[in-house]
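Reading the structure
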Amino acid sequence: MRANILLISALVLIAFTCTLASERGTQKAAELRKMMLSSNDGIIFLSAAEYKEYVLTEPRPYDLVVFFTAYSCKFCDEVYESYKEAAAAYVEAKAIYPAKEGDNIKRSVFFAAIYYVDETKSIFQSHKIERVPDIFVTHPKYARLLTDAHREEYIKKFLLDASRSSVYVGTGKILEYVNERVARKVEHKESVLKLFYVLLILGIPFAALLRIYIKYRAFFNHPQFWLFGSYVVYFICMSGLVYCIIHGTPWTTQQNGEVQWWTSGSRNQLGLEGWVMSGSVLMTGLALLAVQYVSYVAGDSRAQRLLVFVGNLLLVWIGMNFVEDIYVKKGGWSGTGFYPPAHYIKGGLMKDQGNTI
């Protein structure tokens, strides 16, 4: 009899504890929802204590997306604008509330942000975040991962390293990333007013350019204009101008007290490095093309024509060696040769790897 009483007491205590935990989890979700709806940006800004409470402490029956950022980070601010739009899309789709889909219950999804300061430094370090911005999708189970190995494995799957992403991290990309990890299908819908504004902004310069083209049509239709224009476009595109603007790349850097205009690593570059390498490749190509115009430049004199011919080939040789030398220093993997490496598969036209060179 006494054993039965103890068993019943234990079951009642467990049920009471579970009820309290459920109520606390519902309360935390309501607090986050209120903070998100009352925020000017629609984003919850977390302190270190709030991060530990809402992300790392159970119960937490919700998904919480966290934007890791820092003050005075221009690129972070740009990605943050897209992050705000993604959060607004979730609010509009009422995805900040639980939803039933068939037999499954979809959890509420909230969007938060945390800045790198002395108070939050340990949180950034525990997540192995060395640069910002980063976007981290946390599930309830993340609070139950006790070992560093399990948390590191989770972080690899659910952390979007926006600072190193090879694609533009816009609203669509953020929604795609979050949707895939919280099992939602929220879409970003542009307002008609914003669409009209974009069309207006694009329409005004387009109309001005069209008017200029009509007035100076003969100039713009000249082949030499397009030839020169193609050189300019090639030079700018190959220099990595867009990459430098997006990442705020400096022109040069200091290493061991000396100014360095190029940096090692196949995925890294400095601003001046892009311009120098782009200009070198362009000038080498132009020198190679100029070989066939020797007779026009040097006239009928065989000596002059030979001198110009040799000079052009020398420029080509200097340019090719300069570009190749930089590529070898940057990657170490660069190696030129007429024949493909010995380990390449050999065979027919479609099978032989050497044909891809």
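Because the structure is predicted, anything quoted here is derived from the model rather than measured. (Residues numbered from 1 in each chain as written. Predicted model: local features only at pLDDT ≥ 70, side-chain atom pairs only at ≥ 80, totals over all residues. Heavy atoms only, no water.)

**Observations concerning the environment of Gln260**
Among the structural elements, Gln260 can be located in strand 9 (residues 258–260). With a relative accessible area of 15%, Gln260 lands in the buried category. Not counting chain neighbours up to four residues away, the residues in contact with Gln260 comprise Thr252, Thr253, Gln255 and Leu270. One polar contact links the side chain of Gln260 to the main-chain carbonyl oxygen of Trp262, over a distance of 2.5 Å. (Helix = DSSP H or I, 4+ residues; strand = E, 2+ residues; numbered from the N terminus. Buried < 20%, exposed > 50% of the residue type's maximum accessible area, 1.4 Å probe, protein only. Contact = heavy atoms within 4.5 Å. Polar contact = N/O pair within 3.5 Å; in protein donor to acceptor, adjacent residues only side chain to side chain.)

**A short note on the state of the cysteines**
The final tally for this structure, using the stated rule, is one disulfide. There is a disulfide in this structure between Cys73 and Cys76, and the S-S distance comes to 2.2 Å. One disulfide, between Cys73 and Cys76, carries an S-S torsion of 70 degrees and so falls in the right-handed class. Judged by its relative accessible area of 15%, Cys73 is buried. Given the relative accessible area of 0%, Cys76 is considered buried. (Disulfide = S-S within 2.5 Å.)

**Points about the confidence of the model for the protein chain**
Looking at the protein chain, pLDDT values average 82 and 83% of them are 70 or higher. Residue range residues 10–21 is modelled with pLDDT below 50. Its contacts to residues more than four positions away, or to other chains, number one contact. (pLDDT = per-residue confidence, 0-100.)

**Quick word on the packing of helix 9 (residues 223–238) against helix 11 (residues 271–290)**
For the pair helix 9 and helix 11, interaxial distance at closest approach is 8 Å and the crossing angle is 145 degrees. With respect to the hand of their crossing, helix 9 and helix 11 are arranged in right-handed fashion. Residues Tyr231, Tyr234, Phe235 and Met238 of helix 9 pack against Trp275, Ser278, Gly279, Val281, Leu282, Leu286 and Leu289 of helix 11. Its residues assigned to classes, the contact of helix 9 with helix 11 shows nine nonpolar, two polar and no charged. (Axes fitted to C-alpha atoms, helices over the stretch in contact; angles between N-to-C directions. Left-handed = near helix turned anticlockwise from the far one by under 90°. Nonpolar A, V, L, I, M, F, W, Y, C, P; charged D, E, K, R; others polar.)

**Structural notes on helix 6 (residues 171–182)**
A rise of 1.5 Å per residue sets the reference length of helix 6, with its 12 residues, at 16 Å; its end C-alpha atoms lie 16 Å apart and thus fit the reference within 8%. Restricting attention to buried positions, one finds in helix 6 the residues Thr171, Ile174, Leu175, Tyr177, Val178, Asn179, Arg181 and Val182. Within two residues after helix 6, Ala183 carries a phi angle of roughly 60 degrees, on the positive side. (Expected span 1.5 Å × (residues − 1).)

**A few points about the packing of helix 3 (residues 74–92) against helix 6**
For the pair helix 3 and helix 6, interaxial distance at closest approach is 8 Å and the crossing angle is 50 degrees. On the basis of the axis angle, helix 3 is oblique to helix 6. Handedness of the helix 3/helix 6 crossing: right-handed. Note on element contacts: helix 6 touches helix 3 through Thr171, Ile174, Leu175, Val178, Asn179 and Val182, opposite Val79, Ser82, Tyr83, Glu85, Ala86, Ala89 and Tyr90. (Parallel < 35°, antiparallel > 145°, perpendicular 65-115°, else oblique.)

**Regarding a nonpolar patch on the surface**
Taken together, the side chains of Tyr197, Val198, Ile201 and Leu202 define a hydrophobic patch exposed on the protein surface, amounting to about 400 Å² of accessible area. Turning to its location among the elements, Leu202 is positioned in helix 7 (residues 192–215). Since its relative accessible area comes to 55%, Leu202 is described here as exposed. (Patch = residues over 30% accessible without salt bridge, like charges linked within 9 Å, V, L, I, M, F, W, Y side chains within 5 Å. Areas by Shrake-Rupley, 256 points an atom, 1.4 Å probe, with all protein chains shown as cover. Salt bridge = Lys/Arg side-chain N within 4 Å of Asp/Glu carboxyl O.)

**Quick word on unusual backbone geometry**
Here Glu58 and Pro59 are connected by a cis peptide whose omega angle stands at 0 degrees. In this structure, Pro59 sits in the loop between helix 2 (48–54) and strand 2 (62–69). The omega angle of the peptide bond from Val132 to Pro133 is 10 degrees, so this bond is cis rather than trans. Along the chain, the position of Pro133 falls in the loop between helix 4 (121–126) and strand 6 (134–138). Of note, the phi angle at Ser72 is positive, near 60 degrees, even though the residue is not glycine.

**Some details on the sheet that holds strand 7 (residues 159–160)**
Spatially, the five strands line up as an open sheet ordered 1-5-2-6-7, and their pairing is mixed. Only two strands of the sheet have a single neighbouring strand rather than two, namely strand 1 (44–45) and strand 7. The pairing of strand 2 with strand 6 spans five bridges and is classified as antiparallel. Paired with Phe68 across the two strands is Asp134, which belongs to strand 6. Its contacts with the sheet put helix 5 (residues 148–158) on strand 6 and strand 7, and the angle it makes with strand 6 is roughly 115 degrees. Sitting on the sheet, helix 6 touches strand 2, strand 5 (108–115), strand 6 and strand 7, and the angle it makes with strand 6 is about 20 degrees. (Pairing = 2+ DSSP bridges.)

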